[in-house]
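One-letter residues, chain by chain:
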Amino acid sequence: MKNVYSVLVVLCINLAFSQRTPTISHITQKPIKDIGGTAEMTCSVLYAMDFPVLWVKVDKEKITEPVMLSSGSTLIIKDSRFSLRQDIDSTSYTLQIKDIQETDAGYYRCQVLLGLNNKISADVELEVRRPPIISDNSTRSLVVNEGQPVKLECYAGGFPSPRVSWRRENNAILPTGGSIYRGNILKIPTITKEDRGTYYCVAENGVGKGARRNIAIEVEFAPVITVPKPRLGQALQYDMDLECHVEAYPPPAIIWINNGIQLSNNQHYRISHFATADEFTDTTIRIITIEKRQYGDYICKASNVLGTAEVTVNLYETIIPVCPPACGQPSSHLRSSSIKTASVNVSILIATYLYFVHLYF
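The sections below set out a description of the structure shown in this document. (Residues numbered from 1 in each chain as written. Predicted model: local features only at pLDDT ≥ 70, side-chain atom pairs only at ≥ 80, totals over all residues. Heavy atoms only, no water.)

1. Thoughts on the overall build of the protein
Right, so step 1: Secondary structure summary: the protein contains 2 helices and 26 strands in total.
Right, so step 2: By residue count, 34% of the 361 residues in the protein fall in the buried class.
Right, so step 3: Within the protein, residue pairs in contact and separated by at least 24 positions form 61% of the contacts whose partners lie at least 6 positions apart.
Right, so step 4: As displayed, the protein has an accessible area near 21,700 Å², and 55% of this comes from carbon and sulfur atoms. (Helix = DSSP H or I, 4+ residues; strand = E, 2+ residues; numbered from the N terminus. Buried < 20%, exposed > 50% of the residue type's maximum accessible area, 1.4 Å probe, protein only. Contact = heavy atoms within 4.5 Å. Areas by Shrake-Rupley, 256 points an atom, 1.4 Å probe, with all protein chains shown as cover.)

2. Thoughts on the sheet that holds strand β3 (residues 39-46)
Right, so step 1: Strand order in the open sheet formed by 4 strands is β1-β3-β8-β7, with antiparallel pairing between adjacent strands. Both outer strands of the open sheet, β1 (23-27) and β7 (82-87), are each paired with one neighbouring strand and no more. Taken over all neighbouring pairs, the strand axes of this sheet differ in orientation by 20 degrees on average, direction set aside.
Right, so step 2: Across 4 bridges, the pairing between β1 and β3 is antiparallel. The residue of β3 that forms the bridge with I24 is V45. (Pairing = 2+ DSSP bridges. Axes fitted to C-alpha atoms, helices over the stretch in contact; angles between N-to-C directions.)

3. So, the state of the cysteines
Right, so step 1: By the definition in use, this model includes 3 disulfides.
Right, so step 2: One disulfide in the model links C43 with C110; its S-S distance is 1.9 Å. As the torsion about the S-S bond is roughly -70 degrees, the C43-C110 disulfide counts as left-handed. Placement of the pair is C43 in strand β3 and C110 in strand β9 (residues 106-115), with a sequence separation of 67 residues. The pair formed by C43 and C110 is uniform in burial state, with each residue classed as buried. (Disulfide = S-S within 2.5 Å.)

4. Some remarks on the packing of aromatic side chains
Right, so step 1: Overall, the coordinates contain 1 aromatic pair when judged by the stated rule.
Right, so step 2: The ring of Y107 has K60 lying over it, and the distance from NZ or CZ to the ring centre is 4.2 Å.
Right, so step 3: For the cation-ring pair, K193 lies above F221, with the distance from its terminal atom to the ring centre recorded as 5.9 Å. (Phe/Tyr/Trp six-rings, centres within 6.5 Å; stacked < 30°, edge-to-face > 60°. Lys NZ or Arg CZ within 6 Å of the ring centre and 35° of its normal.)

5. Concerning the nonpolar core
Right, so step 1: Core analysis: the largest hydrophobic core is formed by 22 residues, its most contacted members being I225, L242, W256, Y298 and L315.
Right, so step 2: Elements with a minimum of two residues in this core: β20 (240-249), β21 (253-258), β23 (269-275), β24 (280-287), β25 (296-304) and β26 (307-317).
Right, so step 3: Residue contacts for I225: discarding those within four places in its chain leaves C244, H245, V246, C300, K301, A302, A309, E310 and V311.
Right, so step 4: I27, A48, L69 and V112 belong to the second largest nonpolar core, which has 21 residues in total. (Core = buried A, V, L, I, M, F, W, Y, C linked by side-chain atoms within 4.5 Å.)

6. A word on unusual backbone geometry
Right, so step 1: With an omega dihedral of -5 degrees, the bond running from F159 to P160 counts as a cis peptide bond.
Right, so step 2: Among the secondary structure elements, P160 is positioned in the loop between β13 (156-159) and β14 (163-168).
Right, so step 3: Residue P324 is bonded to the preceding C323 through a cis peptide linkage, with omega at -10 degrees.
Right, so step 4: Relative to the helices and strands, P324 resides in the loop between β26 and α2 (332-360).

Here is the structure:
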């Protein structure tokens, strides 16, 4: 009788265990890996010997369809980077991924099929560290008018989430103050011509060297003129240079005016313009062999689409020639006269020499 009772107890116990609902007792916590590394995700299941256990990669945003990776101890996906390990004692299933790629990031689901429309599951998210990439919706180079408000935007993807900061070329001071500004948006309430130049958007998250985008800001502004010397003196019959420096963008049209008349290159004047940068132009007018009527005021005038500016340079008479450009040398007119005089004197000397040679020999 005791033996029959023992058998009944064992049968009841086995029946009870066989009717227990399978449960997922353990699943790997969120792994974080570098590109090229190896990840292992383990799912332990109780009371599931008679039920299929699956690994499935799922897209929680449902943009792509789920991808079946394994069923039981069989790997389904044909990718040499994937492997499956089953531990019968602990009823665990370990999915291993080698040489991790950025596309491997996402959710992996351990699933136990209990019936056609009945299943239990647990998800684990695999996160892959990715270097920052600056998004296309970030600001590119700009051309703005002086006085306008400007907003520079910079966004970056990657994992962990990148930190964004702003700098200027050569560590120049930012319009917001300081040499570094942290944040996705850099606001300049009223831009000035001094704010023009190259700005750097830098995204960093500790993976790789980070990412950088150069943003060139051109500021259009009306001409501003400065002169090294507003008054210059020179003696009659000598040359003299008058100069002015023009700062403007877009590059301006520059003219010289005397007594209401626009001057041009001729035997009395030689005008030159030299652009040292897009915004800077040096202009010089050389007054050749100064005559009495050429003393007075000369106007340097510059114009672009945003405005006009002009500055007056006064030329007055001196007794002693000023160097440069004279530097002790007479003007071209006087030099030619001196050359003619010298040629006549040489001719006289040669003639005298030949006369005496003929006389005595």
